[in-house]
Amino acid sequence: MESIPSNNDIEINFAMNEITVSRKDTTSMITIETSLNGEYLNSYWADGLIISTPTGSTGYSLSCGGPILTPDVKGLVITPIAPHNLTARPLVIPDDTEIKLRVSGREEQYLVSLDSRINSINNNSELTIRKTPFKINMVEIPEETFLTTLRSKLLWGEDKRN
């Protein structure tokens, strides 16, 4: 995924796992106006919003209640962080969707995180998120499948009572 802010420069503007927008210097929630392919989706009133790839779906998004996507799924997950409205739920969308975000709040800036790189962005800037035009190669170890790793790390099938 790549992120293109309208009025701020980000030197490395892509992420493999997730892009997160979040509040910066306040405990107040921010409003994240979200559009998909030019159509208004929602204005999330929350601490932030995570846009994750299948690779990133087992990280921050999962800890905020998002679903796990297997690596072969061609989708993205939109996960609100501590939303004020209880009907705001994670949403899985096709990975070729163009996402536009406009964040507003009480402070002059908010944070945009691209994996572990964090930048400050001006309030009311529009952020465009879309799939990158390039791909990366991943190393796979045949004995360690995604499902084996998932079972092991999440202790699925384990019963500690025995």
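Use the structure listed above.
Here the structure is a predicted model, which is why all the values come from computation and not from measurement.

1. Some thoughts on the sheet that holds strand S6 (residues 75–81)
Ordered by their spatial adjacency, 6 strands build an open sheet running S7-S6-S5-S2-S9-S10, and the pairing between neighbours is antiparallel. In this open sheet, the two strands that pair with only one neighbour each are strand S7 (91–94) and strand S10 (117–122). Averaged over all pairs of adjacent strands, the angle between strand axes in this sheet comes to 20 degrees, irrespective of strand direction. Sheet topology note: the strand S9 (residues 109–114)/S10 ladder contains 6 bridges and is antiparallel. Looking at the pairing, glutamine 109 lines up with asparagine 122 of S10.

2. Notes on the side chain of serine 35
Relative to the elements of secondary structure, serine 35 occurs in strand S3 (residues 30–36). In this view, serine 35 contacts Tyr40, Leu41, Glu98, Ile99 and Lys100; residues no more than four positions away in its chain are not counted.

3. A look at the pairing of strand S4 (residues 39–46)
Here 7 bridges tie S3 to S4, and the two strands are oriented antiparallel to one another. Residue pairing across strands places leucine 36 opposite glutamate 39, the latter belonging to S4. Connecting S3 to the antiparallel partner S4 that follows it, the hairpin turn spans 2 residues, and asparagine 37 within it adopts a positive phi of roughly 50 degrees.

Rules used throughout
Chains are numbered independently. Their residues run from 1 in the order of the written sequence. Selection of residues for local features in this predicted model requires a pLDDT of at least 70, selection of side-chain atom pairs for listing and counting requires 80 or more, and totals for whole chains, interfaces and linings are taken over all residues. Calculation of side-chain values draws on the structure's entire complement of heavy atoms; hydrogens and water are dropped beforehand. Should DSSP find at least two bridges between two strands, the strands are regarded as paired. Counting from the N terminus, the helices are DSSP H or I runs at least four residues long and the strands are E runs at least two residues long. Helix axes use the C-alpha atoms of the stretch in contact, all axes being lines fitted to C-alpha atoms, and the angles between their N-to-C directions lie in the range 0 to 180 degrees. Contacts are assigned to residue pairs with any non-hydrogen atoms lying within 4.5 Å of each other.

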